[in-house]
Amino acid sequence: MSMFGRGSAAPSGNVNPERIEMAIQELDMVTDIFNRIVSTCHAKCISTRYAEGDLTKGESVCIDRCVAKFFEANKKVGERLQNVGANAGGGGGGAGSGGVLGF
């Protein structure tokens, strides 16, 4: 069965509104993270004076490292939140495991 309630398990064509809402929330979260990565890494790595049409090697390397650090920080925060939740009796695991994007 697909995420939107279509597939062999739901031949009547019914769409599960709860799954649609979850998909919309996940898309909003991924879009927000993407926009924050673009904004942060662009401000940090790319000069405001555009001398060339393409990225320079230095800009490209900087962006690669910036994005990697962003995901690593996101992963560590997700793991820390899981540990806090598990210690508070939340049990840990479940959805969102490993960070916002599931890494």
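Model, not experiment: these values are computed from the prediction.

S.K.: I keep staring at the overall build of the protein chain and nothing clicks. Help me out?
M.R.: What the protein chain contains, in helices and strands, is 2 helices and 0 strands. Burial status across the protein chain gives 14% buried among its 103 residues. Counting contacts in the protein chain only where the partners sit at least 6 residues apart, residues at least 24 apart contribute 35% of the total. As displayed, the protein chain offers around 7,900 Å² of accessible surface, 56% of which is attributable to carbon and sulfur atoms.

S.K.: How should the state of the cysteines be read in this particular structure?
M.R.: A disulfide bridge is the covalent bond that connects two cysteines by way of their sulfur atoms. Under the definition given, this model contains 2 disulfides. The residue that forms a disulfide with Cys41 is Cys66, at a sulfur-sulfur distance of 2.0 Å. Torsion about the S-S bond of the Cys41 and Cys66 cystine: about -85°, corresponding to left-handed handedness. Residue Cys41 is located in helix α1 (residues 17-45), and its partner Cys66 is located in helix α2 (residues 57-87); the two are separated by 25 residues in the primary sequence.

S.K.: Looking at this structure, how should I read the pattern of salt bridges?
M.R.: Here the idea is simple: oppositely charged side chains can pair when their charged atoms come close. All told, the structure shown has 1 salt bridge when counted by the stated rule. Between Arg36 and Asp32 there is a salt bridge, with its nearest N and O atoms 3.2 Å apart. Within this pair, Arg36 and its partner Asp32 are both found in helix α1, separated by 4 residues, close to a single helical turn.

Quick notes on the rules
- Within each chain, residues carry numbers counting from 1 in the order of the written sequence.
- The predicted nature of this model means local features are confined to residues of pLDDT at least 70 and side-chain atom pairs, given and counted, to a pLDDT of 80 or more, with totals for whole chains, interfaces and linings taken over all residues.
- Heavy atoms from the whole structure form the basis of all side-chain values; hydrogens and water molecules are not counted.
- By the criteria applied, helices consist of DSSP H or I runs no shorter than four residues and strands consist of E runs no shorter than two, each listed in order from the N terminus.
- The classification of residues rests on relative accessible area computed with a 1.4 Å probe and restricted to protein chains. Under 20% of the type maximum is buried, over 50% is exposed, and intermediate values are partly exposed.
- Here, residues are in contact when the closest pair of their heavy atoms is within 4.5 Å.
- Surface accessibility in these figures is a Shrake-Rupley result with a 1.4 Å probe; residues are shielded only by whichever protein chains are displayed.
- A pair of cysteine sulfur atoms is labelled a disulfide when the two atoms are within 2.5 Å.
- One side-chain nitrogen of Lys or Arg within 4 Å of one carboxyl oxygen of Asp or Glu is enough to make a salt bridge.

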